[in-house]
Every structure is written in C-alpha cells, then in structure tokens.
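# Architecture and fold: a report
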There are 2 protein chains.
Amino acid sequence: MERIPILQMGKCLLVTIQVDLQDRVAMQLQEDLSSTVEKTGATGVLIDISALEIVDSFIGRMLASISGITSVLDATTVVVGMQPAVAITLVELGLSLEGVRTALNVERGMALLRLRDGEGSDDTNA
Amino acid sequence: MERIPILQMGKCLLVTIQVDLQDRVAMQLQEDLSSTVEKTGATGVLIDISALEIVDSFIGRMLASISGITSVLDATTVVVGMQPAVAITLVELGLSLEGVRTALNVERGMALLRLRDGEGSDDTNA
C-alpha cells in the first residue's frame, strides 16, 4: 500500500519515483496527482525518474497518461533526471515518450516551467 | 541496492524518503548527501518524510546524524512533512530529534533555509 508523496513548491508539484511502479501504485499516483493539481492550482508537475534504471512501455504509458491528464487540467508535466542508459534503451526500443516533455534535471525542468508560465506559450516565437 | 536520489535546487538539496530505511540504504544516503553537499556547495538540505508512517529511534538517530554531518559542512538540514501521527508517537516515545530542525512542509522548510541564508544567523535577533 505504498503511495508516492507529492511535494508542493510554489505553483509546482514534485514527484520522485523511487520504487518499482506496480499497477496499483501508478494508478494511485495518477489519481493523487490530478486531485492535487486541482486542489492547489499548480501549473507545473515535475516527475523525477533519476532512481529508475528501467523505463519500460508500462512506465512510458503512465508518464504519457499523467502528462495528458495534467495538460487537460492546465498544468505542464516535465519528466526530469532520466539516466543516459535509460534514454538509450528507450530509443532502441522505439519508445518515444510522445507528448512527454523532458529536462536534464530538476533545475532545468523548473526553468522550463517558469518559462512557460511567464510567457504563456513558448511555441509561438514569431 | 537501492539508493535514494538527491535532487538539487539552487543551493538546496532535496531528499524524499519513501522506502523503509535499512541500515545500508541509510549509510549510503549519509555518504551520498555529504559528498553532494561538498561537491555542490549546497547550504541547505531538505529531507521529506511525509511518506513515513513510522519514525523509530534508528531513523531518528540517522536524521540527527545527517543533520550533524551537514552542519559541519556548513549546510543546514531541515526535516519536513512529518505526519501528525508520527509526531505524536515520537513525543510518546520520548524521542526528541535533538539537533534536528523541522518544518511543516517543503515550502516552509525552504523559507527557513532562505532566512538563514540571507541573515547568516537568525538566532541573534537582538
């Protein structure tokens, strides 16, 4: 009955994934995250996966799903801290983490969120 | 062979404890934290224990020890997110977490660290 804690820092939520994500833990995390985004009005979610040595298609789908859910709730999800070996495996497996933003580490992820927060949308740089 | 990830945010390190702390994991965390403080020049360490439902004397000693080590390295450790039930049990057991600073949550812990950073020492308010 584990539950992954969600830390709030300003308008940003931080989740560190340290344990193997079983179905139930992953579902719980999705629920907790969406209700926390709703409760706090957070505009950004950082998911740190630096402790994960394996990111399989299940975790990939979960990250994409969380990203989609928070996006509907008007919050941007950034996955940070991916180990180089994990990135290599992902590409080799053909998993592209579609729709999931990534950043090197928490600091860069926060900078990315601040940028989007400040400028509304950084996609329109015309 | 678990390892608790240490996240850097500015001059602050953040550790979220989610798993039961075995001796080896705890020792590893102490080593990792002290070397990261040395490497990054961090002045504050936040340890989030919101996922812990039990804080026994072993964890209490570990927190005190981490606090002591980082203090020698010129970084302040703040333990955040303690569950109310844990606080009750600690007091009932007569464990006082001596030398360990606590704060309600990550945000307040960060504010405490910023205060100490900005003012040098907030103990001398004369």
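The present account deals with the structure reproduced in this document.

Each value, and the rule that gives it
- Numbering of residues starts from 1 in every chain and runs along the sequence as written.
- In the order they appear in the text, chains get letters beginning with A and ligands get numbers beginning with 1.
- Residue-level local features of this predicted model are given only where pLDDT is at least 70; pairs of side-chain atoms are given and counted only at 80 or more, and the full residue set underlies all totals for whole chains, interfaces and linings.
- Side-chain measures here rest on the full set of heavy atoms in the structure, leaving out hydrogens and waters.
- Any two residues whose heavy atoms approach within 4.5 Å at even a single point are treated as in contact.
- The salt bridge criterion pairs a side-chain nitrogen of Lys or Arg with a carboxyl oxygen of Asp or Glu, the two atoms within 4 Å.
- Here a polar contact is taken to be a pair of N or O atoms separated by no more than 3.5 Å, where protein atoms must pair a possible hydrogen donor with a possible acceptor and residues adjacent in sequence count only if both atoms sit in side chains.
- Under the DSSP-based scheme used, a helix requires at least four consecutive residues in state H or I and a strand at least two consecutive residues in state E, with every element numbered from the N terminus.
- As a working rule, the residues Ala, Val, Leu, Ile, Met, Phe, Trp, Tyr, Cys and Pro are called nonpolar, Asp, Glu, Lys and Arg charged, and the rest polar, with Gly in that last group.
- Throughout this description, buried means an accessible area under 20% of the type-specific maximum (1.4 Å probe, protein chains only), exposed means over 50%, and partly exposed covers the range between.
- Between any two strands, at least two bridges found by DSSP are needed for them to pair.
- Helix axes are fitted only over the stretch in contact, all axes being lines through C-alpha atoms; the angle between N-to-C directions runs from 0 to 180 degrees.
- If an angle is under 35 degrees, it is roughly parallel; if it is over 145, roughly antiparallel; if it lies from 65 to 115, roughly perpendicular; otherwise it is oblique.
- The crossing is said to be left-handed when, going from far helix to near helix, the turn is anticlockwise and less than a right angle, and right-handed when the turn is clockwise.
- What sets the superposition is a least-squares fit of C-alpha atoms, and only residues with pLDDT of at least 70 in both copies go into it.
- Residues scored as positive are Lys and Arg, those scored as negative are Asp and Glu, and His as well as the terminal groups of each chain are ignored.
- Crossovers are described as right-handed under a simple rule: with the strands pointing away from the observer, the path leading from the first strand over the helix to the second runs clockwise.

Across the boundary between the two partners, chain B contributes 17 residues, which contact 17 residues of chain A. On the surface where chain B and chain A come into contact, there are zero salt bridges. On the surface where chain B and chain A come into contact, there are five residue pairs in polar contact (both at pLDDT 80 or more). Those elements that provide at least two residues to the side of chain B that touches chain A are strand 1 (6–9), strand 2 (12–16) and helix 4 (106–119) of chain B. Each residue belonging to the side of chain B that touches chain A can be placed in one class, and the counts come to nine nonpolar, five polar and three charged.

The next point concerns unusual backbone geometry. Of note, leucine 97 of chain A is a non-glycine position whose phi angle comes to about 50°, a positive value. As for its position among the elements, leucine 97 of chain A is in the loop between helix 3 (84–93) and strand 5 (101–103). In this structure, aspartate 74 of chain B takes a positive phi of about 70° despite not being glycine. Looking at the secondary structure, you find aspartate 74 of chain B in the loop between helix 2 (57–72) and strand 4 (76–80). Exposure remark for aspartate 74 of chain B: the relative accessible area of 62% places this residue in the exposed category.

Let us look at the sheet that holds strand 5 of chain A. All names here are of chain A. Reading across from one edge, 1-2-3-4-5 is the order of the five strands in this open sheet, with mixed pairing throughout. If you trace the sheet from one side to the other, it starts and ends with strand 1 (6–9) and strand 5, each paired once. Ignoring which end each strand starts from, the neighbouring axes of this sheet average 30° apart. Pairing of strand 2 (residues 12–16) with strand 3 (residues 44–48), which is carried by five bridges, proceeds in the parallel orientation. Looking across to strand 3, one finds that leucine 13 is bridged to valine 45. The strands touched by helix 1 (residues 23–40) are strand 1, strand 2 and strand 3; relative to strand 2, the strand with the most contacts, the crossing angle is about 160°. In the packing of helix 2 (residues 57–72) onto the sheet, the strands contacted are strand 3 and strand 4 (76–80), and the crossing angle to strand 4 comes to about 150°.

All names here are of chain A. Following both chains from N to C, one finds helix 1 and helix 2 inclined at 15°, their axes separated by 10 Å at the closest point. The pairing of helix 1 with helix 2 is recorded here as roughly parallel in orientation. Handedness of the crossing formed by helix 1 with helix 2: right-handed. Contacts between helix 1 and helix 2 involve Asp23, Ala26, Leu29, Gln30, Leu33, Ser34 and Val37 on the former and, on the latter, Phe58, Met62, Ser65, Ile66, Ile69 and Thr70.

So, about the relation of the copies chain B and chain A. After a rotation of 180° and a shift along the axis of 0.0 Å, chain B superposes on chain A with an RMSD of 0.0 Å. This pairing of chains is accounted for by a two-fold axis. Most of the interface of chain B is mirrored in chain A, where 100% of its interface residues again form contacts.

Okay, the side chain of aspartate 48 of chain A next. Considering the arrangement of structural elements, one finds aspartate 48 of chain A in strand 3. Although aspartate 48 of chain A is buried, it forms no salt bridge, and the closest oppositely charged side chain is arginine 3 of chain B at an N-O distance of 12 Å. Of the polar contacts made by the side chain of aspartate 48 of chain A, one reaches the side chain of serine 50 of chain A; its length is 2.8 Å. Those residues within four positions of aspartate 48 of chain A in sequence are excluded, and the remaining contacts are Val15, Thr16, Ile17, Val80, Gly81 and Val106 of chain A together with Pro5 and Leu7 of chain B.

In this section: the pairing of strand 4 of chain A. The two faces of a sheet get side chains in turn, since along a regular strand they alternate between them. All names here are of chain A. Extensive coverage of strand 4 is indicated by the burial of five of its five residues. Here strand 4 shows no split at all, with Thr76, Val78 and Val80 on one side and Thr77 and Val79 on the other all buried. What joins strand 3 to strand 4 is helix 2, and the crossover it makes is right-handed. Strand direction decides the pairing type here: strand 4 and strand 5, joined by three bridges, are parallel. Paired with valine 80 across the bridge in strand 5 is alanine 103. Of the crossover connections in this fold, the one passing from strand 4 over helix 3 to the parallel strand 5 is right-handed.

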